[in-house]
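What the coordinates show
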Amino acid sequence: MRLGVSLPSLDHSFGEIAEFAWAAEQAGLDAVWNYEVFKNPFIMHALTAQRTRSIDLCIGITSFLLRTPFAMANAAVDVAKISGGRLKVGIGPGTPGLMDVYAGVDVDRPVARTREYLEVLKLALNHLATGTEAAYEGRFQRFGAPATIWGARIDGDTPVPIYLGAVRPKMLQLAGEVADGIIGYLLDPDYIAAVVRPSLAAGAERAGRNPKDIDVVSYTICCCNRDRDVALRWARVQVGIYVAHPNNRMSAEAAGLYKETAEVLATLEKHGPAALAEVTDDKLVRMFSISGTPEECRQQATAYEGSVDEICLHTPYVPPFTVEETTAAFEGIIAAFGGGISEPEALVVSVPNRGSGA
């Protein structure tokens, strides 16, 4: 099982993000993952590529509703070239309530939209690599890659693995048909065994693929601190916020945690995220996070062996977390999982005190 870590980016500068990536590489982790929350993930990895040499640079995820397939392919090829082929791109339709409001785009029929987008994205990537002409006319996508007097990019083939953000069965089946891997949020081992693997296998069978060729990556909240109470307080807040999202509630409710989930939703609505530190049930924390002392976190991570191909240790980052708390949480992950590091603190960027950061 590979180990990755998410780069806290919401309240951190581009320079700090690059330093975080360097620290993860020095710690011996396999991958760094970013996500599209305001900052552009391709720009972030264009910069992390300059600061690192060997670690995988992964996006998990970017909304395809924000970019045409050609724009997505062009940006991906740019960063793949800059990084020497280390880029992996995770895509998804994005979060309803953000995409429709911020971007003014429709988020209905996500599986059908995703299928067409992936088809055109692959045509665009092939066109940029080889100059091959292509045309596509679908329900949601239209694409043309003609021969023109301006020529073509023809960069040569730099593979860009495409991962799909998927939690529900239909999207998982689509990933089994056409994607290189899936990225799931809060995928606990029981849900992976009961839903994720069978759904991927069903899709792979339809496409004549081997399901073992499809990577399974889980973003799993990770809160490591020598002070166990601090780690669990962080975990209750971040887990509670994530469980409030409908996609993530599926696996909690499948495990019978209806009462615990309802309490989170009621608290979030009445009192806001900070109150979750006192409310989110430990059953949810254990199910959806790796949290506690460094020793406890390392032990909990072993539960994912054999379930996922890679676990992304997800740094808590959303308000009410301060910049300093987010930095400390990232440092805790590096300290707990960095192989052979005697002084992990020396590897982490120093972030100046900037107040709440919320």
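This text follows the structure it describes.
Okay, so let's go over this structure. Just so you know, these numbers come straight off a predicted model, no measurement behind them. (Residues numbered from 1 in each chain as written. Predicted model: local features only at pLDDT ≥ 70, side-chain atom pairs only at ≥ 80, totals over all residues. Heavy atoms only, no water.)

**Re unusual backbone geometry**
- Geometrically, the link from Gly 60 to Ile 61 is a cis peptide bond, its omega value of 5° lying close to zero.
- Mapped onto the secondary structure, Ile 61 falls in strand β3 (residues 56-63).
- Residue Pro 320 follows Pro 319 across a cis peptide bond; omega there is 20°.
- Looking at where Pro 320 falls in the secondary structure, it is placed in the loop between β11 (310-314) and α13 (323-337).
- Its identity as a non-glycine residue notwithstanding, Phe 38 has a phi of 75°, on the positive side.
- One can find Phe 38 in the loop between β2 (31-34) and α2 (41-51).
- The class for Phe 38 is exposed, based on a relative accessible area of 64%.
- The residue Leu 186 is not glycine, and still its phi comes out positive at about 60°.
- Relative to the helices and strands, Leu 186 resides in the loop between β8 (181-185) and α7 (189-207).
- Residue classification places Leu 186 among the buried positions, given a relative accessible area of 2%. (Helix = DSSP H or I, 4+ residues; strand = E, 2+ residues; numbered from the N terminus. Buried < 20%, exposed > 50% of the residue type's maximum accessible area, 1.4 Å probe, protein only.)

**Describing the packing of helix α1 (residues 14-26) against α13**
- Running from amino to carboxyl end, α1 crosses α13 at an angle of 15°, the nearest separation of the two axes being 10 Å. It follows that α1 is roughly parallel to α13 by the angle criterion. For α1 against α13, the interelement crossing comes out right-handed. In this structure, α1 uses Phe 20, Ala 23 and Ala 24 to contact α13, whose residues at the interface are Thr 327, Phe 330 and Ile 334.
- In terms of residue class, the contact of α1 with α13 is built from five nonpolar, one polar and no charged. (Axes fitted to C-alpha atoms, helices over the stretch in contact; angles between N-to-C directions. Parallel < 35°, antiparallel > 145°, perpendicular 65-115°, else oblique. Left-handed = near helix turned anticlockwise from the far one by under 90°. Contact = heavy atoms within 4.5 Å. Nonpolar A, V, L, I, M, F, W, Y, C, P; charged D, E, K, R; others polar.)

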